[in-house]
Number of protein chains: 4
Amino acid sequence: MSIQMIDQEKLANEYMGVRSFTERLVQPLNMEDFIIQSMEDASPPKWHLAHTTWFFERFLLKEFLTDYNGFDDHFDYLFNSYYETAGPFHPRIERGLITRPSVEEVFAYRKHVDKYIKELIMSDSMGEMGDEIGSLLEIGLNHEQQHQELLLTDIKYNLSRNPFLPAYQRNECNASEPSTGPVSFIEMEGGLVEIGNNGKSFCFDNEKPVHKVWLDSYRLAKRPVTNDEFCAFIEDGGYKKPQYWLSDGWSTVQKNQWEAPLYWFKREEEWYTYTLAGEQQLNPNDPVCHVSFYEADAFARWSGKRLPTEEEWENACTLQTIEGNLADSGKFHPQAAQHTNEKLFLQAFGDVWEWTKSPYVSYPGNKPYEGTLGEYNAKFMCNQMVLRGGSCATPASHIRATYRNFFQPEKRWQFSGFRLAEDIHQ
Amino acid sequence: MSIQMIDQEKLANEYMGVRSFTERLVQPLNMEDFIIQSMEDASPPKWHLAHTTWFFERFLLKEFLTDYNGFDDHFDYLFNSYYETAGPFHPRIERGLITRPSVEEVFAYRKHVDKYIKELIMSDSMGEMGDEIGSLLEIGLNHEQQHQELLLTDIKYNLSRNPFLPAYQRNECNASEPSTGPVSFIEMEGGLVEIGNNGKSFCFDNEKPVHKVWLDSYRLAKRPVTNDEFCAFIEDGGYKKPQYWLSDGWSTVQKNQWEAPLYWFKREEEWYTYTLAGEQQLNPNDPVCHVSFYEADAFARWSGKRLPTEEEWENACTLQTIEGNLADSGKFHPQAAQHTNEKLFLQAFGDVWEWTKSPYVSYPGNKPYEGTLGEYNAKFMCNQMVLRGGSCATPASHIRATYRNFFQPEKRWQFSGFRLAEDIHQ
Amino acid sequence: MSIQMIDQEKLANEYMGVRSFTERLVQPLNMEDFIIQSMEDASPPKWHLAHTTWFFERFLLKEFLTDYNGFDDHFDYLFNSYYETAGPFHPRIERGLITRPSVEEVFAYRKHVDKYIKELIMSDSMGEMGDEIGSLLEIGLNHEQQHQELLLTDIKYNLSRNPFLPAYQRNECNASEPSTGPVSFIEMEGGLVEIGNNGKSFCFDNEKPVHKVWLDSYRLAKRPVTNDEFCAFIEDGGYKKPQYWLSDGWSTVQKNQWEAPLYWFKREEEWYTYTLAGEQQLNPNDPVCHVSFYEADAFARWSGKRLPTEEEWENACTLQTIEGNLADSGKFHPQAAQHTNEKLFLQAFGDVWEWTKSPYVSYPGNKPYEGTLGEYNAKFMCNQMVLRGGSCATPASHIRATYRNFFQPEKRWQFSGFRLAEDIHQ
Amino acid sequence: MSIQMIDQEKLANEYMGVRSFTERLVQPLNMEDFIIQSMEDASPPKWHLAHTTWFFERFLLKEFLTDYNGFDDHFDYLFNSYYETAGPFHPRIERGLITRPSVEEVFAYRKHVDKYIKELIMSDSMGEMGDEIGSLLEIGLNHEQQHQELLLTDIKYNLSRNPFLPAYQRNECNASEPSTGPVSFIEMEGGLVEIGNNGKSFCFDNEKPVHKVWLDSYRLAKRPVTNDEFCAFIEDGGYKKPQYWLSDGWSTVQKNQWEAPLYWFKREEEWYTYTLAGEQQLNPNDPVCHVSFYEADAFARWSGKRLPTEEEWENACTLQTIEGNLADSGKFHPQAAQHTNEKLFLQAFGDVWEWTKSPYVSYPGNKPYEGTLGEYNAKFMCNQMVLRGGSCATPASHIRATYRNFFQPEKRWQFSGFRLAEDIHQ
Ligand SMILES: [Fe+3]
Ligand SMILES: [Fe+3]
Ligand SMILES: [Fe+3]
Ligand SMILES: [Fe+3]
């Protein structure tokens with residue numbers, strides 16, 4: 001989401017647009033579904049609804065709206081996620097133990113904050129402090145969009161722990177596209193390139209500044225790896241051969257007894273997968289999804305290729321139009337690529353986040369946000385890997401070529417896949 | 001609950017009486033409160049509602065009602081608690097991850113099973129197989145009463161994990177009774193006594209058979225230990241001095257950093273406790289509650305006394321009238337004893353379960369139930385201690401002098417206190 | 001060990017006899033074998049050598065020998081096992097991290113303490129305070145004998161963790177005895193019996209006082225269960241059928257994936273076992289050994305019998321001569337029973353400790369030792385089960401009919417087996 | 001260690017030089033010290049002695065020496081560290097449970113392998129396959145040098161777990177150097193630079209190839225951070241303020257209750273540290289040592305600077321002479337920097353390894369070793385951070401400017417410190 005000029009009316013509409021999309025996402029849920037946290041990573045939907053609201057209340061209303069009274073004194077404790085400098089907060093692992101406030105009260109909280117945010121947007125403060133407020137609003141809305149994706153991935157994980165695999169929504173099963181044939185690689189010329197976001201439209205602090213990076217020439221796959229290709233890895237004993245795996249990856253495979261991506265299961269010799277529309281037979285041409293960095297990396301080694309760096313990815317996809325199977329489609333499941341003879345990267349945006357081989361670190365010369373929001377991104381720059389390009393659960397207005405997503409290398413509950421790269425040997 | 005003769009109408013009424021009491025207990029809950037499991041021991045209320053119903057469906061309807069169809073095929077898996085011989089079941093620790101079936105569906109399940117149970121009770125089968133059905137119904141109803149107590153203790157624990165300590169119900173705070181003064185001990189003459197239940201009215205398999213036990217003469221406290229007395233132990237450094245503790249108890253204290261009974265907390269130098277009516281200041285004359293066997297045993301050693309054996313308890317209280325602060329009062333919190341000069345045991349029934357020094361083992365010559373119900377009690381006869389006398393959460397019709405409750409020695413979330421005993425030295 | 005009269009010379013000899021047997025037991029070890037602790041239960045041999053010495057230094061020399069100086073200031077911390085009231089001590093789980101003092105220094109420590117103990121025994125103090133000193137010496141020697149058994153079981157466990165199964169000593173493999181045929185049961189008449197030790201010769205505090213117990217008539221197996229019989233349980237799927245197991249036992253089986261007693265392994269369809277003489281093929285007629293209480297109890301349930309109570313065991317074996325395959329034989333492995341037509345219990349003493357169905361609790365009217373030694377036995381009276389009769393690693397002068405050994409129900413590294421019992425139904 | 005030309009005699013001498021240095025390092029140990037493993041990271045000295053030997057046996061003797069018979073069949077299992085493709089190996093965490101082979105046998109193993117390696121070096125094979133053998137020998141010797149450092153750090157950690165802190169060797173305490181005053185920063189001009197090793201003399205696979213990297217201009221501290229400076233961080237509450245820490249770092253601090261670097265402890269308000277010469281008072285001017293990446297990073301944030309990248313470090317120190325307080329000095333403890341007015345980096349080599357802000361990943365175009373040795377470095381390229389420059393435990397002939405050491409960000413038992421850097425803002 002990017003806000004180009006401070007047109008108050010338009011801003012209020014954008015605000016309400018993002019906020020109501022969140023509420024549309026939880027429409028299919030039972031009251032009971034709002035409450036549970038089935039692993040530390042997967043927060044209860046109720047918590048997401050309240051936390052994103054708290055973000056606006058805490059960083060906007062309490063800072064800029066004179067005489068604003070907090071909706072409830074307990075919420076600063078309950079719905080602060082991890083901002084140490086904003087005060088003490090409820091342990092992440094106990095989010096699923098909180099039955100009060102009720103779901104209804106959380107919806108009332110949203111209504112309350114929405115009312116005052118609109119008041120703030122329309123107020124005269126937007127004259128004097130419009131830039132600061134506008135920029136915090138942008139952060140708040142992008143923050144909410146990140147939680148929209150998390151809502152979907154957390155709901156999916158939560159429901160998947162029910163042995164009878166209830167569906168979140170029933171939509172038509174995606175018909176299998178014909179295979180696009182073996183993947184081709186597009187050659188990219190190296191050199192001294194510029195990476196990062198110039199900040200003319202919205203971006204997070206971790207995408208800045210624009211900086212020079214030397215890249216050797218390389219080849220990048222036209223499309224992500226498919227289920228079919230990943231099955232070949234499995235059938236070749238990929239999960240049983242330590243030589244393909246990083247040492248930490250191999251320990252993870254052993255400890256968790258992984259034999260396939262998350263949500264895959266076999267019934268009568270056929271692979272099935274759990275989707276937000278319930279279980280379905282695995283579609284061979286869909287991009288493989290719900291794999292960890294370790295699995296992506298092992299597959300790459302098995303196939304004699306490698307993962308791209310985040311700079312290679314950005315350099316290759318920067319001119320690509322931002323379109324694809326994103327959250328706005330409402331499918332919430334990756335789709336098979338459509339064949340094309342054009343020399344362009346398919347599914348660069350949407351379908352699956354793409355693991356890169358780049359650890360998540362700060363760009364040279366980077367400055368985190370000032371104050372409490374400095375904790376937003378910077379403190380996670382360790383033990384995580386960068387993913388690029390958005391997924392079928394990412395709002396279209398939220399993604400861009402410079403966008404850096406990041407997760408620990410063993411995480412699989414996001415819509416995460418990957419695309420191969422290779423060196424050009426002189 | 002005991003069923004003396006098979007009067008079908010009366011039986012149906014008793015059935016409905018027990019069943020509706022369960023539903024009354026969950027009346028004060030929000031929909032959200034039904035779902036969570038805040039520790040392995042504390043099951044979600046929804047699960048209790050369904051599991052007790054499954055018990056009737058599985059052991060009565062599916063066995064005796066011709067052409068009965070199960071309400072839902074998944075329920076055998078989801079709501080079997082631990083009966084290995086009845087088929088596979090959902091892991092106990094994951095009960096809080098199940099949002100479907102909804103609470104509403106579980107209430108429909110109850111209605112459905114109630115309808116058919118009543119049909120079964122009124123049917124002709126009650127002629128031929130009345131004894132067997134009647135006896136299983138009795139077990140089912142007593143089972144449901146056990147879960148009524150668990151509902152209360154689990155709800156209490158679940159709500160207590162919310163940092164803002166919501167109340168389950170708002171009832172008038174119990175006014176403090178005047179202290180009964182220092183506890184007195186009543187002398188009981190020893191000899192060869194009979195312990196156990198003759199089975200003339202309902203009892204569980206673990207209470208049988210009546211068997212001879214030799215008891216030396218002993219003294220038993222007139223009333224349980226009070227908060228005030230327990231505070232003296234705390235103030236004397238009881239939780240910091242290993243010499244009062246069993247080795248396993250001391251490890252437990254260290255590991256969990258216990259400094260007081262469960263639910264106690266200090267605010268401005270005063271002790272408070274969480275109750276089902278919310279937090280309240282500690283009433284010094286109430287029986288101490290929510291202590292583990294380890295704490296009871298350490299207190300006893302500190303005070304130069306000991307806990308009674310279960311046989312001493314039963315021998316002393318067997319002639320006591322079954323009345324007291326039981327679940328029927330709706331207070332759900334122990335109350336101070338009322339002074340009396342009579343030579344009788346106060347609060348033998350109700351208020352708090354009383355830890356004994358007896359490990360839970362089978363009585364000589366005991367036979368567990370036949371078949372799957374053999375798993376009801378017998379397989380827990382290891383690493384648990386016997387408690388006697390019922391609590392403020394035990395239905396009055398459920399308790400008797402021979403009743404054996406049992407928990408692991410470190411458990412504290414039940415309404416558990418204790419009464420002291422001592423040897424008579426010749 | 002029992003000391004009848006204070007004959008100083010004889011006492012000094014007894015002392016040296018026990019002490020030198022300990023040193024004989026560690027003769028076959030490499031220096032390296034003295035150091036390691038392969039699980040929390042299995043202490044390093046060096047630690048046993050030092051701890052038993054510390055016991056004499058701490059409770060005798062420092063109390064009764066004027067001007068005695070401790071051998072090393074650090075040893076009170078390092079070699080106190082668990083006596084909280086004797087001061088802080090090194091965590092049990094870290095005993096295997098202590099390389100200094102060296103083994104040589106520990107032998108010097110033993111020599112030093114031996115010298116002064118002999119001095120104390122021969123001194124005039126033995127006149128005035130002979131009773132107290134003599135009784136502490138007896139405790140110290142019996143304590144050392146307990147550690148002699150632990151030395152053997154801990155050495156066995158430590159060496160067994162080496163994948164190449166080194167032998168502690170090479171002794172001739174026991175030739176298989178002909179089977180004694182199916183086990184027979186001897187009927188014991190019930191009634192009011194006396195249990196416990198009258199203290200005329202040495203016993204531990206936990207064996208006292210003599211007290212009355214009512215026993216119903218019962219039958220007790222003539223000999224312990226054999227490997228052959230236990231194999232039948234395994235082959236019948238005993239480790240896979242929850243119906244035979246206590247709930248805690250079943251969890252233990254699942255968690256540890258037990259499929260046979262400790263030290264058993266299969267090679268080309270044949271059962272082998274690790275012994276202190278290295279691996280050997282399983283001898284079908286030997287008593288089954290290295291089983292937990294859970295396995296003993298499950299076998300009993302599978303076979304339609306039960307384990308005896310400790311009182312039944314004591315009542316039956318009290319008149320049996322104390323002889324058998326005890327540590328003095330140097331075999332350190334149970335042997336097959338020799339057939340006899342006499343109506344007596346075979347292998348009551350030696351071969352394998354016999355699990356009973358009795359939890360370890362204090363006898364009625366029992367008084368623990370005064371002072372720090374009160375921690376010797378009493379604080380373990382929770383979550384443990386009683387074993388009777390001694391094993392092939394128990395010194396003959398250490399065992400008696402009233403002797404109560406105790407371990408947690410899941411422990412298997414002791415030489416533990418069991419004997420069946422059954423009710424007599426009128 | 002680098003081998004320039006194949007002079008057989010010289011090669012044999014170099015081999016023996018490295019091998020005998022290992023043996024010199026374990027000279028001060030008791031037999032008992034060789035056995036223990038006090039945490040998963042810290043292997044027993046005996047294991048290091050055997051594993052480095054196995055490396056030569058496995059990758060040289062068994063490959064190139066005709067008719068060579070392994071010294072012991074079990075050693076492939078016991079002393080393979082982590083080479084999955086070389087066969088199964090003993091779990092790392094159980095290295096401290098292996099008392100056989102004895103230390104003596106391991107020394108015999110070393111002698112045996114040394115004899116045959118010398119035979120191989122002097123043999124005619126060195127004609128035909130000299131390059132391959134020579135290059136494997138170089139790897140083997142550098143491998144042994146890495147384990148020389150690990151021997152020292154593991155011995156230090158093992159001994160430190162003894163509550164009485166025994167010394168490894170008694171050497172004169174380093175006299176405190178006068179402080180060099182506040183640290184100064186040297187400006188380095190940026191641009192397109194070359195990083196990595198051209199392979200003309202020995203380097204590991206992970207240092208190759210030489211590749212272009214763009215660096216912005218930066219400043220690098222003349223010397224590492226000192227104890228004195230680190231104390232200021234502690235006194236300012238550095239370990240209590242989450243704002244200075246990465247999120248994972250803060251969790252680590254909380255979980256382990258870190259309040260100072262490893263081996264530091266306070267006595268009567270003074271800081272002491274454990275060294276290989278026993279405990280000593282903290283020398284304020286020594287480089288801070290035994291800090292994790294998290295602590296280095298938190299200190300940098302607190303001080304308003306940052307850590308350098310590995311490329312900045314290499315670019316700055318590449319022309320520095322390789323001299324300093326390295327293992328050859330035998331001090332095994334970092335020393336205070338000596339003041340100088342010259343514009344050069346003090347202590348670039350030796351004293352302490354310097355954490356960089358660079359995650360350990362492969363260089364662009366990098367190729368791991370072929371075959372099993374491909375597991376040497378490449379599989380650890382995840383979740384680890386690069387350290388540069390060697391320490392007081394690194395052999396001088398082992399270090400160079402391009403050398404990349406790597407450890408997980410929470411590890412502290414290596415001699416690890418850090419040097420600050422900062423951006424130059426245009
Ligand atoms: Fe957030
Ligand atoms: Fe139940
Ligand atoms: Fe001991
Ligand atoms: Fe190595």
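Here the structure is a predicted model, which is why all the values come from computation and not from measurement.

This brings us to helix H9 (residues 293-302) of chain A. All names here are of chain A. Counting buried positions along H9 yields 8 of 10 residues, so the element is predominantly enclosed. Restricting attention to buried positions, one finds in H9 the residues Phe293, Tyr294, Glu295, Ala296, Asp297, Ala298, Phe299 and Ala300. Residues of H9 that are buried in the fold lie against helix H7 (227-235), helix H8 (247-256), strand E8 (353-359) and strand E9 (385-388). With its phi angle positive at about 75°, Gly304 sits one or two positions after the end of H9.

On to the relation of the copies chain A and chain B, then. Superposition record for chain A on chain B: RMSD 0.0 Å, screw rotation 180°, translation along axis 0.0 Å. The relationship between the two copies is best expressed as a two-fold rotation axis. Relative to the rotation axis, the closest C-alpha in chain A is found at Glu32 of chain A, a distance of 3.0 Å. The overlap is high: 100% of the interface residues of chain A also sit at the interface in chain B, so the same surface is used on both sides.

Take the sheet that holds strand E11 (residues 416-417) of chain C next. Residue and element names in this part refer to chain C. If you walk across this open sheet you meet the 4 strands as E10-E9-E8-E11, and the pairing is mixed. In the strand order of this sheet, the two ends are held by strand E10 (405-407) and E11, each with one partner. Bridge count between strand E8 (residues 353-359) and strand E9 (residues 385-388): 3 bridges; the pairing is antiparallel. Within the sheet, the bridge partner assigned to Trp355 lies in E9 and is Leu387. Packing against the sheet, helix H10 (residues 310-317) makes contact with E8 and E9, and its axis sits at approximately 130° to E8.

All names here are of chain D. Read across the open sheet, the 3 strands follow the order E5-E6-E7; overall the sheet is antiparallel. Looking at which strands have only one partner, the edges of the open sheet turn out to be strand E5 (264-267) and strand E7 (278-281). Averaged over neighbouring strand pairs, the angle between their axes works out to 35° when direction is ignored. Judged from the 4 bridges that link them, strand E6 (residues 270-275) and E7 form a sheet pairing that is antiparallel. From the neighbouring strand, Thr275 faces E7, where its bridge partner is Gly278. Against the sheet, helix H7 (residues 227-235) engages E5 and E6, with an angle of about 70° to E5.

With that settled, consider the UniProt feature "domain: DinB-like" (unreviewed entry) in chain A. In the UniProt entry, the feature "domain: DinB-like" (unreviewed entry) is given for residues 19-150 of chain A. Structurally, residues 19-150 of chain A comprises 59% helix and 0% strand, and the distance from its first C-alpha atom to its last is 15 Å.

Attention shifts here to the UniProt feature "domain: Sulfatase-modifying factor enzyme-like" (unreviewed entry) in chain A. Within this structure's numbering, the places UniProt gives as "domain: Sulfatase-modifying factor enzyme-like" (unreviewed entry) are residues 185-421 of chain A. Helix makes up 16% of residues 185-421 of chain A and strand 21%, and the two end C-alpha atoms of the span are 8 Å apart.

Turning next to the coordination of the iron ion (ligand 4). Residue and element names in this part refer to chain D. Protein coordination at the iron ion (ligand 4): the donors are His51 (NE2), His143 (NE2) and His147 (NE2), at 2.2 Å from the metal. Positions of the donor residues of the iron ion (ligand 4), expressed as sequence spacing, correspond to H-x91-H-x3-H. You can see His143 and its partner His147 sitting in helix H6 (residues 130-160), 4 residues apart, about one turn around the helix.

One broad rule of soluble globular proteins: the nonpolar side chains tend to lie buried together. Of all hydrophobic cores here, the largest spans 241 residues; its most connected members are Phe230, Trp355 and Phe418 of chain C together with Phe230, Trp355 and Phe418 of chain D. It is H6 of chain D that contributes the most residues to this core, 11 residues altogether. Not counting residues within four places of it along the chain, the set of residues in contact with Phe418 of chain C comprises Pro224, Val225, Phe230, Val288, Val291, Ala296, Phe299, Leu307, Trp353, Glu354 and Trp355 of chain C. One finds Phe332 and Leu420 of chain A together with Leu152 and Val288 of chain B within the second-largest nonpolar core, a separate group that totals 240 residues.

One pass over the structure, following the stated rule, counts 108 salt bridges over all chains. Two residues, Glu63 of chain C and Arg58 of chain C, come together in a salt bridge whose shortest N-O distance is 3.1 Å. Here Arg58 of chain C falls in the buried class, since its relative accessible area comes to 16%. Between Glu207 of chain C and Arg400 of chain C there is a salt bridge, with the nearest N and O atoms lying 2.7 Å from each other. Of this pair, Glu207 of chain C sits in the loop between strand E2 (191-195) and strand E3 (211-215) while Arg400 of chain C is found in the loop between E9 and E10, placing the two residues 193 residues apart along the sequence. Like Glu207 of chain C, the residue Arg400 of chain C is buried in the burial classification. Salt bridges sharing common partners tie together Arg19, Glu23, Arg110, Asp114 and Glu144 of chain A.

Definitions and cut-offs
- Residues numbered from 1 in each chain as written.
- Chains lettered and ligands numbered in written order.
- Predicted model: local features only at pLDDT ≥ 70, side-chain atom pairs only at ≥ 80, totals over all residues.
- Heavy atoms only, no water.
- Buried < 20%, exposed > 50% of the residue type's maximum accessible area, 1.4 Å probe, protein only.
- Helix = DSSP H or I, 4+ residues; strand = E, 2+ residues; numbered from the N terminus.
- Contact = heavy atoms within 4.5 Å.
- Least-squares fit on C-alpha atoms with pLDDT ≥ 70 in both.
- Pairing = 2+ DSSP bridges.
- Axes fitted to C-alpha atoms, helices over the stretch in contact; angles between N-to-C directions.
- UniProt positions renumbered as here; feature names shortened; annotations may be inferred.
- Donors = N, O, S within 2.8 Å, 3.2 Å for Na, K, Ca; no water.
- Core = buried A, V, L, I, M, F, W, Y, C linked by side-chain atoms within 4.5 Å.
- Salt bridge = Lys/Arg side-chain N within 4 Å of Asp/Glu carboxyl O.

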